[in-house]
Every structure is written in C-alpha cells, then in structure tokens.
Amino acid sequence: MNFWLMKSEPDAFSIDDLAERPEQTEHWDGVRNYQARNMMRDEMKIGDQVFFYHSNCSLPGIVGIAEVVKESQPDFTAFDPNDKHFDPKSNPDKPTWFMVEVKFVRKLLRTISLQELKQKTELADLALVRRGNRLSIMPVGQQQWDFILELE
DNA sequence: GCCAACGTTGGC
DNA sequence: GCCAACGTTGGC
C-alpha cells in the first residue's frame, strides 16, 4: 500500500464537500501537471491512503484522510470545451489527462498546519515542505505518514 | 535546443 | 494583493 498527499483549495472542493458526496467519493479531475498525472495514472492503487490537504486558505494544512477507490481513468473534463479544465490537445481516443477516484475516510481531529509540518526535522524530506514545491499530488513515505498521524 | 515571456500555484 | 518559484509556450 502506498501513501499520498493531495491538495485542494477548500473554496473549490473541501474535505467536507467530499464527506457530503452521496457515496463520499469523488473523482480527482482537473489535474494538468504531468508529474501529478503520472502518479495518478501509474502508481495510485485501490486502497492507497491519502492525506487531504487544504491549500490557498487561511490555515493551509492536512485536514483529513481519504483512500483510493478507483484507479486511473481518462479525465473527461479535458474533453469538454465548456469546462474550466478543457484541453483541446486531449481527446477520448488518446487522453492526455487521467484521474483517480477517492473516498472519504475521516477528518483529522485538528488541522495539522503547513507551518507545523515545516518545523519537524522528521519531515525534512516530505515533498510538501521542500522549497518551491507546487505539486498538487505527491508521495508520502510510510514513516512520514505514521509520524504525521502521531501529531494529531 | 535555447530562453524570454507568460501563466499558474500557493504561502504569506 | 504580492511575489517567488515553477511549468509551459513559442520564436528563433
């Protein structure tokens, strides 16, 4: 089993939004970065655990846990000219972009803030806290995962 | 293939 | 709103 961190702007889609979905699941559409795509397309497997991270908000940090319930499929929002994430270079015969589906597991008891994560020497290698990292999906090591959960 | 211009991300 | 750090685009 692998561990991941996925960023979302709570104004657009928050952990509560995920929890309120009918099946508490949602496909992670709109990713338009090749590194992040490759992880979803090639590496994220059913059962993998995901930290749900809120970005671009008053308190950026990890707010909950989700898990992968469906492996990669073409991101259909890329095919829709009316969609915000439309990409004319992607087509159904040869999709450029992919997405996985995640399911709500639980919220953390509190937000583990970016500021707090940055202070931990144990997390110095976590992609999230490395200089200039803008990836919206990134791997988390098992030890990092366990350490972060102990902060809760 | 280089690189300047531009757009985006996301913390602050 | 600012701006650093990227990634992408496109002229050459």
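The name recorded for chain A in an unreviewed UniProt entry is EVE domain-containing protein, from Methylomonas lenta.

Caption draft 1: Inspection of helix 4 (residues 142-151) at higher detail. Buried within helix 4 we find Q144, W145, F147, I148 and L151. When helix 4 is viewed along its axis, its buried side chains cluster within an angular range of 165° and face the same direction. Those residues of helix 4 that are exposed and angled more than 90 degrees off the buried face are Q143 and E150.

Caption draft 2: Looking closely at the environment of L126. You can see L126 is positioned in the loop between helix 3 (114-119) and strand 6 (137-140). Beyond its immediate chain neighbours, meaning those up to four positions away, L126 contacts V140, Q144 and I148.

Caption draft 3: Structural detail: helix 2 (residues 34-43). Residues A36, R37, M39 and M40 constitute the buried set of helix 2. Within helix 2, the buried residues cover an arc of 160° as seen down the axis, which keeps them to one side. Looking at the buried residues of helix 2, the elements they touch are strand 1 (3-8), strand 4 (61-74), strand 5 (98-113) and strand 6. The backbone nitrogen of Q35 has a side-chain oxygen 3.0 Å away, supplied by the residue at the start of helix 2, namely N33.

Caption draft 4: Region of interest: the pattern of salt bridges. Counted by the stated rule, this structure contains eight salt bridges. Note that D42 and R41 form a salt bridge whose closest N and O atoms lie 2.9 Å from each other. Classification of D42 as partly exposed rests on a relative accessible area of 40%. Exposure remark for R41: the relative accessible area of 31% places this residue in the partly exposed category. Of the charged contacts in the structure, one is a salt bridge between K89 and D87, with a shortest N-O distance of 3.7 Å.

Caption draft 5: Expanded view of the nonpolar core. In terms of nonpolar packing, the biggest core is built from 42 residues, with M6, W28, M44, L117, L128 and I137 touching the most fellow members. Leaving out residues up to four positions away in the same chain, I137 has contacts with W4, L5, M6, W28, V31, A36, M39, M40 and M44.

Caption draft 6: Highlighting the packing of aromatic side chains. Inspection of every chain in the model, using the stated rule, returns six aromatic pairs. For the pair F3 and W145, a centre-to-centre distance of 4.8 Å together with 35° between the ring planes defines the contact as tilted. Taken together, the residues span a long stretch of sequence, with F3 in strand 1 and W145 in helix 4 at a distance of 142 residues. Like W145, F3 is buried. A centroid spacing of 3.8 Å and a plane angle of 15° characterise the contact between F51 and W145, whose relative ring orientation is stacked. Of this pair, F51 sits in strand 3 (residues 49-54) while W145 sits in helix 4, and the two are 94 residues apart along the sequence. Of the two residues, F51 and W145, neither departs from the other in class, the shared state being buried. Put simply, the rings of F3, F51 and W145 touch in pairs and so form one group of aromatic residues.

Criteria and cut-off values
- Residues numbered from 1 in each chain as written.
- Chains lettered and ligands numbered in written order.
- Predicted model: local features only at pLDDT ≥ 70, side-chain atom pairs only at ≥ 80, totals over all residues.
- Heavy atoms only, no water.
- Buried < 20%, exposed > 50% of the residue type's maximum accessible area, 1.4 Å probe, protein only.
- Helix = DSSP H or I, 4+ residues; strand = E, 2+ residues; numbered from the N terminus.
- Arc of directions from axis to C-beta.
- Contact = heavy atoms within 4.5 Å.
- Polar contact = N/O pair within 3.5 Å; in protein donor to acceptor, adjacent residues only side chain to side chain.
- Salt bridge = Lys/Arg side-chain N within 4 Å of Asp/Glu carboxyl O.
- Core = buried A, V, L, I, M, F, W, Y, C linked by side-chain atoms within 4.5 Å.
- Phe/Tyr/Trp six-rings, centres within 6.5 Å; stacked < 30°, edge-to-face > 60°.

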